[in-house]
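# Overview (structure and organization)
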Amino acid sequence: MGAYNLEPAIGDLFWDFDDMEVLDIGKDNAVVFVKDVSRKNDEYYLHDSHELGDTVDILTIVYPDGSSRTILDASETPDTFYN
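All of the points below concern the structure found in this document. (Residues numbered from 1 in each chain as written. Predicted model: local features only at pLDDT ≥ 70, side-chain atom pairs only at ≥ 80, totals over all residues. Heavy atoms only, no water.)

### Observations regarding the overall build of the protein
Counting its secondary structure elements, the protein contains one helix and seven strands. If you list the helices and strands of the protein from N to C, you get α-β-β-β-β-β-β-β. The dimensions of the protein, computed from C-alpha atoms along their principal axes, are 45 × 25 × 20 Å. Relative to its 83 residues, the protein shows a buried fraction of 23%. Counting only contacts in the protein whose residues sit at least 6 apart along the sequence, the fraction spanning at least 24 positions is 35%. Counting 5 positive and 19 negative side-chain charges, the protein places the averaged centre of each group 6 Å from the other. (Helix = DSSP H or I, 4+ residues; strand = E, 2+ residues; numbered from the N terminus. Buried < 20%, exposed > 50% of the residue type's maximum accessible area, 1.4 Å probe, protein only. Contact = heavy atoms within 4.5 Å. Lys, Arg positive; Asp, Glu negative; His and termini not counted. Charge placed at Lys NZ, Arg CZ, Asp CG, Glu CD.)

Quick look at the structure:
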């Protein structure tokens, strides 16, 4: 099986997102780009939690400013605010 065959399964993990794209699939990881997940509230951006289609061993979220957050055994994305 190649990476192309795994893409639908990765898409199933991110079923709760409207605009998701699989950028790369490696041997034991995938890079997924999700757009329009945050909303602006005064001076902060807010991200509401989203359920994932399964538990992910390691979920790394990269924010627009380049900072990141890693969550182990994630079954959802966390509620987050940033500026």
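### Some details on the packing of aromatic side chains
Evaluation of the coordinates by the stated rule reveals four aromatic pairs. Pairing tyrosine 44 with phenylalanine 81 gives two aromatic rings, centres 5.3 Å apart and planes at 85°, and the pair type is edge-to-face. Of this pair, tyrosine 44 sits in strand β4 (residues 44–47) while phenylalanine 81 sits in strand β7 (residues 80–82); the two residues are 37 residues apart in sequence, bridging distant segments of the chain. According to the relative accessible area criterion, phenylalanine 81 is exposed, its value standing at 55%. Measuring from ring centre to ring centre gives 5.1 Å for tyrosine 63 and tyrosine 82, while their planes differ by 50°; the resulting arrangement is tilted. In this pair, tyrosine 63 is assigned in the loop between β5 (51–62) and β6 (68–76) and tyrosine 82 in strand β7, connecting sequence segments 19 residues apart. By way of ring pairs, the aromatic residues Tyr45, Tyr63 and Tyr82 are connected into one cluster. (Phe/Tyr/Trp six-rings, centres within 6.5 Å; stacked < 30°, edge-to-face > 60°.)

### Details of the pattern of salt bridges
Inspection of the entire model under this criterion finds one salt bridge. Of the charged contacts, one joins aspartate 48 and arginine 39 as a salt bridge, the two residues approaching to 3.0 Å between their closest N and O atoms. Residue class for arginine 39 comes out partly exposed when judged on its relative accessible area of 40%. (Salt bridge = Lys/Arg side-chain N within 4 Å of Asp/Glu carboxyl O.)

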